[in-house]
Amino acid sequence: MRGLFLSHGAPDILLGAHPARTFWRTLGERMTAPSSVVLVSAHHEQPEVQISADPAPPTVYDFYGFPAPLYQLTYAAPGAPEIAHSLVESMRRAGALCSVQETARRGFDHGAWVPLLELFPQANVPVVQVSLLCEAGDAAGQAERHVQLGAALGDALPEDALLIGSGSLTHAVPERGQRGDTPHWVEAFRAWVHEAVSRQDMQALQAYRTEAPFAQRNHPTQEHLMPLFVLLGAFGSADATLLHTSTMHDVLAMDAYSWR
């Protein structure tokens, strides 16, 4: 497996039974462990691409108001400074779309450690985090920038590394609930994305903000969908396979795609 797009949901997914949590654990058990993970999280945005060279990233609790046990969980996977440095140098040589910088200190935000705790619970696979780019310009341009970032990352990936984009297929957090009913506008957006990926329509996908039904309701801000564009840029849409679909808190579509 070369790539994964995961919808990481809310941190409290780790405190109970949820189909996506079971999916992560089962996927990790059946896949061949990668040599390393390069992970792009919706919770790390910078004006320029930032690649973490922290050798021992701490667990960051970048959320508030959740049950106390979540703040006791840790994920102690090693970083990989040599891989981070190689990615920076490779992307610079290739003329990446913008400035690429290495940072010596960057902990695992919950977009990283929440799914990784289930995928690789022994924390024995080195992980390098790569930032998204802060929102700028029009929506289609923002998507295109992340497709370009993905293309640069895909070319620079080490052998046998796994590229993970951790975001959310939908992220209407202000409307989250606990009824267990997925609204029609979440289902409509989910179906549109799957259909556009299946027909390999990158033009429509990059214009999702105006083309997809209920796009702005499902994504009041864009950062949680940008990791999907990173994966599409790295590996294209022809090899994308929908692996999982479920919903958390009514409005968080937990869909996952893979690339082989």
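Everything discussed here concerns the structure shown above.
Residue numbers run consecutively from 1 along every chain, following the written order of its sequence. This being a predicted model, a pLDDT of at least 70 is required before a residue's local features are given, and a value of 80 or more before pairs of side-chain atoms are given or counted; all residues contribute to the totals for chains, interfaces and linings. Side-chain descriptors were evaluated using all non-hydrogen atoms of the structure, hydrogens and water having been removed beforehand.

Engineer: Give me the overall build of the protein: which residues, what numbers.
Structural biologist: A tally of regular secondary structure across the protein gives nine helices and 10 strands. Relative to its length of 260 residues, the protein is compact, with a C-alpha radius of gyration of 17 Å against a globular reference of 18 Å. With the principal axes as the frame, the protein shows a C-alpha extent of 45 × 40 × 30 Å. Taken over 260 residues, the protein has a buried fraction of 57%. When checking whether two residues touch, look at their non-hydrogen atoms; a contact exists if any pair is within 4.5 Å. For the protein, contacts bridging at least 24 residues in sequence account for 79% of all contacts bridging at least 6. Taken as a whole, the protein presents about 10600 Å² of accessible surface, with 49% of it coming from carbon and sulfur. Secondary structure elements follow DSSP: runs of H or I of four or more residues count as helices, runs of E of two or more count as strands, with numbering from the N terminus. Here the globule rule reads 2.2 Å times residues to the power 0.38, and the radius of gyration is calculated from C-alpha atoms. Accessibility here uses a 1.4 Å probe with only protein chains present; expressed as a share of the type maximum, an area under 20% marks a residue as buried, one over 50% as exposed, and anything in between as partly exposed. Here, Shrake-Rupley sampling with a 1.4 Å probe gives the accessible areas, and only protein chains in the shown set may cover a residue.

Engineer: Talk me through helix H9 (residues 226-235); I want residue IDs and the actual numbers.
Structural biologist: A large share of H9 lies buried, amounting to 10 of its 10 residues. Turning to H9, its buried residues are Met-226, Pro-227, Leu-228, Phe-229, Val-230, Leu-231, Leu-232, Gly-233, Ala-234 and Phe-235. At the exit of H9 stands Gly-236, carrying a positive phi of roughly 80 degrees.

Engineer: Tell me about empty space enclosed by the protein, residues and numbers included.
Structural biologist: The pocket and cavity definitions rest on a 1 Å grid over protein atoms only: a 1.4 Å probe that fits but cannot leave marks a cavity, an open set with protein on both sides within 12 Å along at least five of seven lines marks a pocket, and residues lining either have an atom within 4 Å of a point. Grid points are joined across faces, edges and corners, and a volume is the space filled by probe spheres set on the points. Inspection of the entire model under this criterion finds one cavity of 30 Å³ or more. Considering only enclosed or pocket space, the largest cavity measures out at about 30 Å³ in volume. Around the largest cavity sit Trp-192, Val-193, Leu-205, Tyr-208, Leu-225, Leu-228 and Phe-229, which together line it. Elements with a minimum of two residues in the lining of the largest cavity: helix H5 (184-198) and H9.

Engineer: So, the nonpolar core: which residues are in play, and what are the values?
Structural biologist: Among the nonpolar cores identified, the biggest contains 54 residues, and Ile-51, Met-91, Leu-153, Leu-163, Tyr-208, Phe-229 and Trp-259 are the most heavily contacted of them. With eight residues, the single largest contributor to this core is H9. Non-local contacts of Tyr-208, meaning those with residues more than four positions away in its chain, are made with Phe-189, Trp-192, Ala-215, His-219, Gln-222, Leu-225, Met-226 and Phe-229. In this text, buried Ala, Val, Leu, Ile, Met, Phe, Trp, Tyr and Cys residues form a nonpolar core when linked through side-chain atoms within 4.5 Å.

Engineer: Can you explain the packing of aromatic side chains? Please cite residues and give values.
Structural biologist: The rule is short: rings of Phe, Tyr and Trp, with Trp giving its six-membered ring, pair when the centres are within 6.5 Å, and they are stacked under 30 degrees, edge-to-face over 60, tilted in between. Throughout the structure, instances matching the rule amount to 10 aromatic pairs. Aromatic side chains Phe-235 and Trp-259 sit 6.5 Å apart centroid to centroid with 40 degrees between the ring planes, which places their arrangement in the tilted category. Here Phe-235, found in helix H9, pairs with Trp-259, found in strand E10 (residues 256-259); they are 24 residues apart in sequence, far enough to count as distant. On the basis of relative accessibility, which here comes to 13%, the residue Phe-235 falls in the buried class. Members of the aromatic cluster, each reached through a chain of ring pairs, are Tyr-61, Phe-63, Phe-66, Tyr-71 and Trp-113.

Engineer: Outline the pattern of salt bridges, listing residues and values.
Structural biologist: For this document, the term salt bridge refers to a Lys or Arg side-chain nitrogen within 4 Å of an Asp or Glu carboxyl oxygen. Counting across every chain of the model gives 11 salt bridges. Salt-bridge contacts for Glu-118 lead to Arg-21; the nearest nitrogen and oxygen are separated by 2.8 Å. Of this pair, Glu-118 sits in helix H3 (residues 110-119) while Arg-21 sits in helix H1 (residues 19-30), and the two are 97 residues apart along the sequence. Under the relative-accessibility criterion, Arg-21 is labelled partly exposed at 24%. Between Arg-105 and Asp-54 there is a salt bridge, with the nearest N and O atoms lying 3.2 Å from each other. Here Arg-105, found in the loop between strand E4 (100-103) and H3, pairs with Asp-54, found in the loop between strand E3 (49-52) and helix H2 (81-93); they are 51 residues apart in sequence, far enough to count as distant. Assessed through its relative accessible area of 59%, Arg-105 is described here as exposed. What makes Asp-54 buried here is its relative accessible area of 1%. In the salt-bridge network here, residues are joined through shared partners; they are Arg-21, Arg-25 and Glu-118.

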